[in-house]
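# Observations on the three-dimensional arrangement
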Amino acid sequence: MKEFMGEDFLLETETAKKLFHEHAAKMPIIDYHCHINPQQIAENHTFKNITEAWLGGDHYKWRMIRSNGTAEKDITGKESDDREKFQKFAEALPKAIGNPLYHWTHLELQRYFDCRTPLNGKTAEEIWQLCNEKIKQPALSVQGIIEKSNVKVICTTDDPADDLCWHKKIKEDGSCTAKVLPAMRPDAAMRIEKPAYGEYLKRLGAVAGVDIQTMEDLRAALSKRMDFFAEMGCKASDHALEYVFCREASEAEVNAVMKKALSGTALTTEDIEVYKTALLLFLGKEYAKRGWAMQIHYSALRDNNSSEFETLGPDTGFDCIASCNCGEGLVKFMDALHKKGDLPKMILYSLNPNDNAMIATIIGSFQGTEAAGKIQHGAAWWFNDTKTGMIDHMVNLANLSVLGNFIGMLTDSRSFLYYTTHEYFRRILCN
């Protein structure tokens, strides 16, 4: 009988097997975008059990378990114990054939726990005991997992006002085998329409030593924070946009919008786009000066279930793909930077797979000599990091651009065990 997810899993030809086993499998992981906690790296955290490692903060799995009709208390609730939550996950997993979670879960069991038993409701107790015994070992501490996974670079996601104290501790300690770098994500400074905007500017201003009232003040504050992030090794930024646009305006118009927001006056869509365009153009120019990559993630419709959002907060599994028409806005934005010589290296991701061909052709319009593949179509993101999603993404890239310059996979995860997604991607790519 063929081995369950054996050594040639997803490799259908001799060429694919040679490419993977002799080359791709041996290569280090450069995780250029993720949401893992640098504190856990600094403290070399040891997980108390497999539920903490697998289900703590993982909204991919929460979403799948909910779809099996499981009560929220048995997913994120404090009233259910970790063993019961693991059981609910195990019972739901066999029904999720076709969902990459099925493959990822079993790759994690194989690579980190040497377990080749399929997980289901009946095997849950056996696997619970096995994993919990092994997870106490130093090889499966956070730094142990990083070393075992051959991870060489980790770029976390960090607010401009963050003091990066955990990055400092990681660097000073020197025990982590990977280079851990901050990546700046100024979303809170972008979200002028949110109620917390004014308070955030106070926080950012306090850290930067700037009283932020105008766009000039905001630029000064962010410039200081970028200097600090650069000192800490930052090489990339990240932006989460609902959609991409470009609405240029005068400095006076931008300042008038900021004044409205800080006074509590309601903003129009035009106001919001004017402000965000000005800020994004400034940041793009600064990134280009510093040699940073500008990542833009867009077309996600977030927090759709308002009652669950009020209870559980963001990033809990209630998001979906949006259908925004962003081609013209993206081109106009990139062109505004390019014609002034300010276009940075960029990585573009749309959550809507219908944008794959569009992005693959847009990137060809703005390449440069700074790097082979200066403008990248980022890896299949979020709801697209399935087998078919990765294939569709790479086929478009190969057909319309230069696949050999593709930047490759990332985890985009809050879980340290998700490094097997790089193996999953590499097997699909080699095939």
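Everything below is about the structure shown above.
Residues numbered from 1 in each chain as written. Predicted model: local features only at pLDDT ≥ 70, side-chain atom pairs only at ≥ 80, totals over all residues. Heavy atoms only, no water.

## Details of empty space enclosed by the protein
Counted according to the given criterion, the structure contains 2 cavities of 30 Å³ or more. Computed from the structure, the largest cavity encloses a volume of approximately 60 Å³. Lining the largest cavity we find Gly57, Asp58, His59, Tyr60, Asp412, Ser413, Arg414 and Tyr418. Grouping the amino acids of the lining of the largest cavity by side-chain chemistry returns 2 nonpolar, 3 polar and 3 charged. Put simply, the second largest cavity is a space of about 30 Å³. Lining the second largest cavity, in full, are Met190, Arg191, Ala240, Leu241, Glu242 and Lys276. Taken together, the residues of the lining of the second largest cavity break down into 3 nonpolar, no polar and 3 charged. (1 Å grid on protein atoms, 1.4 Å probe; cavity = no way out; pocket = protein on both sides within 12 Å on 5 of 7 lines; lining within 4 Å. Points joined across faces, edges and corners; volume = space filled by probe spheres on them. Nonpolar A, V, L, I, M, F, W, Y, C, P; charged D, E, K, R; others polar.)

## A closer look at the sheet that holds strand S2 (residues 151-155)
In sheet architecture, strand pairing relies on hydrogen bonds along the backbone and comes in two forms, parallel and antiparallel. Strand order in this open sheet of 3 strands is S1-S2-S3, and the pairing throughout is parallel. The sheet is open, and its two edges are formed by strand S1 (29-31) and strand S3 (179-181), each paired on a single side. Between one strand axis and the next, the sheet turns by 5° as a mean value, whatever way the strands run. Taken together, the 3 bridges between S1 and S2 define a ladder with parallel strand orientation. In the strand pairing of S2, Ile30 is matched with Val153. (Pairing = 2+ DSSP bridges. Helix = DSSP H or I, 4+ residues; strand = E, 2+ residues; numbered from the N terminus. Axes fitted to C-alpha atoms, helices over the stretch in contact; angles between N-to-C directions.)

## Points about the layout of surface pockets
A volume near 940 Å³ is recorded for the largest pocket. Taken together, 32 residues line the largest pocket, and the ones lying closest to its centre are Arg185, Asp187, Arg191, Arg302 and Asp315. When residues of the lining of the largest pocket are traced back to their parent elements, those giving at least two are helix H4 (59-66), helix H10 (187-190), helix H11 (197-208) and strand S6 (300-301).

## Describing the packing of helix H18 (residues 387-400) against helix H19 (residues 420-430)
Pairs of packed helices are described in terms of their axes, by the angle between the two and the distance that separates them. H19 packs onto H18 with a crossing angle of 50° between their chain directions and a minimal axis gap of 10 Å. Considered as vectors, H18 and H19 are oriented oblique to each other. The crossing of H18 and H19 is right-handed. Across the interface between the two elements, Lys387, Met390, Ile391 and Met394 of H18 pack against Tyr424, Phe425, Ile428 and Leu429 of H19. (Parallel < 35°, antiparallel > 145°, perpendicular 65-115°, else oblique. Left-handed = near helix turned anticlockwise from the far one by under 90°. Contact = heavy atoms within 4.5 Å.)

## A short note on H19
Across the 11 residues of H19, 10 count as buried, placing the element largely inside the fold. Turning to H19, the residues buried within the fold contact helix H1 (14-22), S1, helix H6 (100-113) and H18. (Buried < 20%, exposed > 50% of the residue type's maximum accessible area, 1.4 Å probe, protein only.)

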